[in-house]
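These are the residues of each chain, in order.
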Amino acid sequence: MRMLLALVTCLAAVSAGIAQSPGSVRGVVLDRDFGTPVEGARVLLVGTPFSAVSGPEGAFLIERVPPGSYPVAVTKDGYERLILPAVSVLAGRLADVRVELVAEVYEMEELLVSGEDLLADSEAGLLEIRAESVALQDSISAELIGKAGVSDAAGALKLVTGATVVGGKYATVRGLSDRYTGTTLNGIRVPSPDPRRRAVQVDLFPTGTVESVTVTKTFTPDLQGDFTGGGIDIRTKSIPEERLFKVSISGEYNTFATGNDRYLTYENGGVGAVGISGDSRDLPALVKNTRPPQPPRPRITSGPGSSTPTPAENEAAATIDAFTNSFEPVLGVSRNEAGPGFGLSLLGGSRHDTSEQGRFGWLAAFTYSRKQDMYEDGVNNSAGISDPSQGFTVSRNRVDSRGNEEVLMGLLATSVLEPSANHRYTARLIANQGAEDEARYQVQQGELLEQNQSLQYVERTLVSPQFEGNHTFPDAAEGTFWGMKFSDLKLDWRLSPNFTRQFEPDVRFFRNTFDPVAGVASRIGGTTESELFLRVFRDIKERNNQLASDLTMPFTQWSDTEGRFKAGLYFEKGARDYQQRSFTYRFFAQQLRPRTASDLAAWQFNNRIGSPGFIVSEDCATGACGLDQLWSDVFLAPERIGIADNLATISNQTLWYAEPLGTDVFYTGDQTIAAMYAMAEIPLSAKWRLNAGARWEKTRIDILPSAPFDPQNRLFVIVKNGDNRGLAFVPGPVAAARIDESHVLPALGASWEIRQAMHLRFSWSSTIARPTFRELAPVATAEFLAGDQFIGNNELRISDITNWDLRWEWFRRPGDVLAASVFYKTLKNPIEYISFAVASNSYIQPVNYERGEVKGFELEARTGLDVLWEKLKGFNLGANYTNLDSTVEVPADEQASLAAFDLDVPERRLLGQPDSVLNVNLTYDNEKSGTSVGLFYNRVGEILLTGAARGDTDGIADVLEGTDKDLVLTVSQKLKRGVSLGLRIRNGLEDDAITFYRRPSGETAVKTLRQSNRTIGLSVSWSR
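Since this is a predicted model, take the numbers as computed values, not measurements. (Residues numbered from 1 in each chain as written. Predicted model: local features only at pLDDT ≥ 70, side-chain atom pairs only at ≥ 80, totals over all residues. Heavy atoms only, no water.)

## As for the overall build of the protein
In step 1: Helix and strand content of the protein: 10 helices and 57 strands.
In step 2: Across the 1024 residues in the protein, those meeting the buried criterion constitute 56%.
In step 3: Considering only contacts within the protein whose residues lie at least 6 apart along the sequence, 72% involve residues at least 24 apart.
In step 4: Accessible surface, the protein as shown: approximately 41,100 Å² in total, 55% of it carbon and sulfur. (Helix = DSSP H or I, 4+ residues; strand = E, 2+ residues; numbered from the N terminus. Buried < 20%, exposed > 50% of the residue type's maximum accessible area, 1.4 Å probe, protein only. Contact = heavy atoms within 4.5 Å. Areas by Shrake-Rupley, 256 points an atom, 1.4 Å probe, with all protein chains shown as cover.)

And the structure:
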C-alpha cells in the first residue's frame, strides 16, 4: 500500500509541477599512500554536468545537485582514475564522500565534462558508461568519429565491434540482417523512409549532429522487443556548457567521377542545388486526372475515299497528343563532366541560467554534403542451372556503367528547459533530406547488342519532432521493503510524431536491341511494350506516432549497494501509404496510305521512325558505329510521338503514344505495437549484480493491397505448384496480409566484478523479428528492366529468437579496454530471401524457414601505446574481430525441388551473415601541436544476399557478396584563432566489389563486378 501511495504522490507532483530542493555533495580527496590532501582533483557526478575541483586541503563541494543517486568519477594527473559506488543525494542535505587516490606510474591527461553526460562525446567517457552498464554495449564517440573523418552515422558504425553497413545505409550487428537490428534516435524508434528495408537508413544522420553511437548487444526489457542482433542508439548533440559556434567547409575528389567528361547522367538530371525534385519530374497534372482514349483511326482528307474526322475523333487525337507530350522528353542517358564533392556544416548553441536552480539552453546544427560517383565497364550477369552436369548457364551478360549523385542535408534543433533541479524538459527537431540520382547504362553482348537504360531519382525525407520530460521526486517512494530502502522516484516520458517519405518521381526505363553493323536500333522480339519502355511514379509516405514512459525507483539494499526497479509503457502506431503509377509507350498500327507522293514519303518516314526503331547517322562500314547514339536520344522528339502534324492529306495519324500500364498496385499498411515491461537491477553483493525482467509486446500489422486500374481488382502473386513456382492473378482481398500476435519476452542478466574495473557479464533473453510492410505486400519492384524483381509474401510470420551472451572485459586504465565475448542465438521461423526465375523474369521473395542459429565470438582491444614505451604517448591502437558461424535449415520441400539441379543442401548460411568482421585503427594525437592522424582498416567477409530456389524452369544458386576491404587515412591540424585543416583519403585499397553465384560443390559464377573508387577530401573549420 505504501508503494501505491508513493506512486500516486509521484503523479500528483508531475501534474502540479512541484520542485524539490537540491542537495549537495562534499568531501575530501587524499593520497592513499601518504594520507596527504590532493589538490586539483576533478570530481564528477556520472551522467550529470555537475563537477568540482579539490582545493589546497583536498576539499571539494558540489552544490545544487538534484536528489538522486550518482556514481562518482575522480581524476587527477599522476593518479589512477577512481569510480566510486553510487552516492545518494537527498533534498536539502549534504552527502559526504571520502576519496583515496592511488598514484600511477604514468601521467594522465585531464578529462573535462562535455554536454549532458560525463564525457558522452569522448572514448574514455563512453568506456566508463559502458563499464557501469548492466547490458553488453559498444560505443563510438564524436571524438573517434571525428578522427575517422566519416560523414554520417553509417561510416561511424563501421568502427563498432561486430557491426557492418550494407549498401552504405543499413546497419547489421553480429551478422544478423537489418531486420534484427533496431535503430533509435535519442531512445526513440525511427521509422524507415525506404520501403525496401525495416531498418532506418543510418546514412541520413550526418556526423555533424551526432554525439555518440551506442550498440546494445543484449536485450533488456526496457528496449524494443525486436532488438535481437543489437539496438543502435544514435545520440544527437546536446546543449553546450557555454556559447559555441563552429563552421566547417569541405571538398572531395573522386578518382572515377571528378573531372571525368564521361560521367553518366541525363538531360535535366542531377539532384539540384538542394536535393529537392523540380516540377519537371512530377507527374503532369493532365496525366493525374486523364486516361487517354483509344487512338482514332487515321483518315485521308482529300482525293478518292477521303473522309472527315468526327469531332469525337479529333478530341481523342488532341487528348492523346497532349497526354503524350506532357511528360519530360528524356528517356535515356547522356554524358557530362562531374564536379568535386562539397560539404558544409554549421553548429551553434548556448546556455543561460534563469534562476538559482533553473537554466535554459539551445543548440542548432545544419549539415550539407554533395558527392558524385561512377563506374564503367562493370559486369552484370544472370546465371542459372538447367543441367547440373553443364554447370552455370549465363542467360544475361551485360557490361554495366553507372553514374550516381547524392546530396544529404541534416537539421538538428534542440532546446532544454530546467525550471528546477528536479525537472527537465527537452524539445528537439530532427529533419533530414536526402536525394540520390542515378543514371545506368547496360549493354548485353551478342550478335545484336541489347541496350538497357534506367534513370532513377529518389528523395528520402525524415522529420522527427521529439519531446521528452525527466522528473525526479525525492522521498516520494520513501520506505523499506524486504530490507531494501527506497527514497527517490524518477519519471521519464517521450513523445514523437514522426514522418518519413520516399519519393521516386519519374523513374524511367528504356530497353532495345542495336545492330552495330547496320547501325539500327529496334524493338526486342517477343516482348511487350512495358518490358521495353516504362515510366514509374512512386510515392511512399509513412506516419509513425510513439509514446513511452518509464518509472524508476532506486533503492539501497542490505549492503548499502544501489539497485533499481524499473517499469514502463510503450505505444506505437504507424501507417504507410504506397502509391505507384506506371506508363508505357505503344505504337499505333497504321491502316491507310496517303494518296499523294509527298504525303506518302512523309507517311513512310513516320512509320520508319516509329515502329522499326532508329537508324544512326554515322557511316557503319567499319562495323562499329553508333555506340554513343541511342534510340532514346530521339524517341520522344516531337515529330516521333503523339499525333503526326506534317501531312497535308491525312488526319489523326498516331505515332508512339503514352498509355497507363493499368497493372499498378497500391497498398495501405498499418502497424500497432503496444508494450509494457518490468525489470529490476539487484546488487546481490558488492561484486555481483543481477538484472531480470520481462516485456510484453502485442503486434498487429495489416496490409490491404488493391489494383485500382483493374476492373476486377486482381493482383499478381507468386504461387508454388509442386516443385515449381509461377505467377497467378488473385483478387485484392486474397493478397491481403494480417499479423496479430502477442509475445512475452523475458530477460536475465548477471554481472560479476572480478576485480576493480574487470567484469564478467552473462545474458539470456527472448526477442522477435517482424516482417516489413514491403515484405508482406504483393508489389513487384525492380532496379532496371529484365533485372531482379522483389515481390512480397503475405504468408510471412514473426520470428522468435533466443539469445545467450557471455563477455569478459577489463578497463585497465582510462580509455583502455580488453574484451572477449561469445554468443549463441536460435531463430524460429527466420525470414530469408530466395531467388528464382518465373516466365523468364528473375524474382527475389522473402519466406519463413523453420529454424536457424548464429554463434560466434568477439575480441576487442583499445590501448595507448605508451604502455609499451613512454615516448609513444599520444599513439592509440584499437582492434576488434568478430567470427561468425550461422546456419538455417532448408525446408524439405525446398530441398526436393532443388535436388534436380544439385542445389539441395540440408542447411546453409543465414541471410546477411558475413563469416567475419575485422576493424583496426591507429591514431596519434599531439595536443601541443594540435596534430591528429588516424589510420582505419575495415574488412567484412562474404555475405549471403539470397538463397537458392527453383522457379518454373531453372534453379538459381545462392548469391553472395564478396569480401569488402576499406582503408581510410585522416589527418587534421589545428592552427591559430580556432582554425583547423583536415585531410581524408578513403578506400586506399581500391578493391573490386563483387557478387557471385555459388553451388554447393563450390563452383561459382560472377553476378556483378565493378571497380571501387578512391576519394580524397579536404576540409577547413573555424570555431570559437
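## Thoughts on the pattern of salt bridges
In step 1: Applying the stated criterion to the full structure yields 42 salt bridges.
In step 2: With a closest N to O distance of 3.3 Å, D506 and R508 form a salt bridge.
In step 3: Taking the relative accessible area as the measure of exposure, D506 reaches 3% and is therefore buried.
In step 4: Here R807 ties to E809 by a salt bridge, and the two come within 3.6 Å at their closest N and O atoms.
In step 5: Of the residues examined, R807 reaches a relative accessible area of 2% and is grouped as buried.
In step 6: Note on E809: relative accessible area 1%, which makes it buried. (Salt bridge = Lys/Arg side-chain N within 4 Å of Asp/Glu carboxyl O.)

## Examining the sheet that holds strand 3 (residues 51-53)
In step 1: A sheet is described by the order of its strands in space; here 4 strands give the open sequence 3-2-5-6, paired in antiparallel fashion. The open sheet terminates on both sides in strands that have one partner only, identified here as strand 3 and strand 6 (82-89). On average, each strand axis in the sheet is inclined to that of its neighbour by 25°, with strand direction left out of account. (Pairing = 2+ DSSP bridges. Axes fitted to C-alpha atoms, helices over the stretch in contact; angles between N-to-C directions.)

## Some points on the sheet that holds strand 1 (residues 23-31)
In step 1: Overall, mixed pairing links the 3 strands, which are arranged 4-1-7 in an open sheet. Two strands bound the open sheet, and with one partner strand each, they are strand 4 (59-65) and strand 7 (94-101). Within the sheet, the average angular offset between the axes of one strand and its neighbour, ignoring direction, is 20°.

## Points about the nonpolar core
In step 1: Among the nonpolar cores identified, the biggest contains 41 residues, and F327, F533, Y585, W631, F635 and W656 are the most heavily contacted of them.
In step 2: Secondary-structure elements contributing two or more residues to this core are strand 21 (393-420), strand 22 (423-444), strand 23 (449-473), strand 26 (489-515), strand 28 (533-556), strand 29 (562-587) and strand 32 (656-660).
In step 3: Sort the elements by how many residues they give to this core and strand 22 lands first, with 4 residues.
In step 4: Counting residues in each nonpolar core, the second largest holds 24 residues, with V665, Y667, L715 and A747 among its members. (Core = buried A, V, L, I, M, F, W, Y, C linked by side-chain atoms within 4.5 Å.)

## Topic: the packing of aromatic side chains
In step 1: Counted according to the given criterion, the structure contains 28 aromatic pairs.
In step 2: Measuring from ring centre to ring centre gives 6.2 Å for F327 and F537, while their planes differ by 45°; the resulting arrangement is tilted. Remark: F537 occurs in strand 28 and F327 occurs in the loop between helix 6 (311-325) and strand 18 (334-336); sequence separation between them is 210 residues.
In step 3: Residue classification places F537 among the buried positions, given a relative accessible area of 8%.
In step 4: Between F537 and F583, the aromatic rings sit 6.0 Å apart at their centres with planes inclined by 85°, giving edge-to-face as the arrangement. Separated by 46 residues along the polypeptide, F537 in strand 28 and F583 in strand 29 bring together distant segments of the chain.
In step 5: A relative accessible area of 1% means that F583 is categorised as buried.
In step 6: Every member of this aromatic cluster is reached through a ring pair, and the members are F510, F533, Y585, F587, W631, F635 and W656.
In step 7: The cationic tip of R281 hangs over the ring face of Y457; the distance from NZ or CZ to the ring centre is 3.9 Å.
In step 8: In this structure, R812 is placed above the aromatic ring of W810, and the distance from its NZ or CZ to the ring centre is 5.8 Å. (Phe/Tyr/Trp six-rings, centres within 6.5 Å; stacked < 30°, edge-to-face > 60°. Lys NZ or Arg CZ within 6 Å of the ring centre and 35° of its normal.)

## Thoughts on the environment of D321
In step 1: With respect to the secondary-structure elements, D321 resides in helix 6.
In step 2: In this structure D321 comes out as partly exposed when scored by relative accessible area, which is 26%.
In step 3: C-alpha of D321 to C-alpha of P292: the two residues are 29 residues apart in sequence and 9.3 Å apart in space.
In step 4: Excluding its chain neighbours within four sequence positions, the residues that come into contact with D321 are I641, G642 and I643.

## Description of the side chain of R402
In step 1: With respect to the helices and strands, R402 occurs in strand 21.
In step 2: A distance of 3.3 Å separates the side chain of R402 from the side chain of E438, its partner in a polar contact. (Polar contact = N/O pair within 3.5 Å; in protein donor to acceptor, adjacent residues only side chain to side chain.)

## Thoughts on the side chain of T258
In step 1: Among the structural elements, T258 can be located in the loop between strand 15 (244-254) and strand 16 (263-265).
In step 2: Of note is the side chain of T258, whose polar atom sits 2.8 Å from the backbone nitrogen of N254.
In step 3: Ignoring anything within four residues of it in the chain, the contact list for T258 reads E252, Y253, A338, G339 and P340.

## Details of the pairing of strand 43 (residues 831-838)
In step 1: Within strand 43, 8 of the 8 residues are buried, which leaves it mostly tucked inside the rest of the structure.
In step 2: Alternating positions in strand 43 separate into two faces, I831, Y833, S835 and A837 on one and E832, I834, F836 and V838 on the other, with burial throughout.
In step 3: Relative to strand 44 (residues 841-848), strand 43 runs antiparallel, the two being bridged by 8 bridges. Across the sheet, the residue bridging to E832 is V847, located in strand 44.
In step 4: Looking at chain direction, strand 43 and strand 50 (residues 943-950) are connected through 2 bridges and run parallel. Of the residues in strand 50, the one forming a bridge with I834 is G947.

## Concerning the pairing of strand 56 (residues 1004-1010)
In step 1: Across 2 bridges, strand 20 (residues 359-384) lies against strand 56 in antiparallel orientation. Paired with V379 across the two strands is L1009, which belongs to strand 56.
In step 2: Where strand 55 (residues 993-998) lies against strand 56, 6 bridges are found, and the strand directions are antiparallel. What sits directly across from Y997, in strand 56, is A1005.

## Digging into a nonpolar patch on the surface
In step 1: Taken together, L748, F762, W804, L806, V822, F857 and L859 make up a surface patch of nonpolar side chains, about 570 Å² in accessible area.
In step 2: The set of elements that each furnish at least two residues to the nonpolar patch consists of strand 41 (799-810) and strand 45 (851-864).
In step 3: Relative to the helices and strands, W804 is located in strand 41. (Patch = residues over 30% accessible without salt bridge, like charges linked within 9 Å, V, L, I, M, F, W, Y side chains within 5 Å.)

## Details of unusual backbone geometry
In step 1: Of note in the backbone geometry, D506 takes a positive phi value of approximately 60° without being a glycine.
In step 2: One can find D506 in strand 26.
In step 3: Non-glycine residue N829 carries a positive phi angle of around 60°.
In step 4: For N829, the position within the fold is in the loop between strand 42 (817-828) and strand 43.
In step 5: Relative accessible area serves as the criterion here: at 12%, N829 is assigned to the buried category.

## Details of the confidence of the model for the protein
In step 1: Mean pLDDT over the protein: 81, with 82% of residues reaching 70 or higher.
In step 2: Here residues 1-20 scores under 50 on pLDDT; set against residues more than four positions off or in separate chains, the count is 22 contacts. (pLDDT = per-residue confidence, 0-100.)

## What about helix 6?
In step 1: Across its 15 residues, helix 6 extends 21 Å between first and last C-alpha, which sits within 8% of the 21 Å expected from 1.5 Å per residue.
In step 2: For helix 6, the set of buried residues is E313, A316, A317, I320, F323 and T324. The buried residues of helix 6 occupy one face: seen down the axis, they fall within an arc of 135°. The exposed set on the far side of helix 6, more than 90 degrees from its buried face, consists of P311 and E315. (Expected span 1.5 Å × (residues − 1). Arc of directions from axis to C-beta.)

## Structural notes on the environment of P746
In step 1: By secondary structure assignment, the location of P746 is in strand 37 (residues 737-755).
In step 2: For the pair formed by P746 and W764, sequence separation is 18 residues and the distance between their alpha carbons is 8.3 Å.
In step 3: Leaving out residues up to four positions away in the same chain, P746 has contacts with F219, G693, A694, W764, S765 and S766.

## Describing the environment of F565
In step 1: Structurally, the position occupied by F565 is in strand 29.
In step 2: Between the C-alpha atoms of F565 and M553, which are 12 residues apart in sequence, the distance is 5.1 Å.

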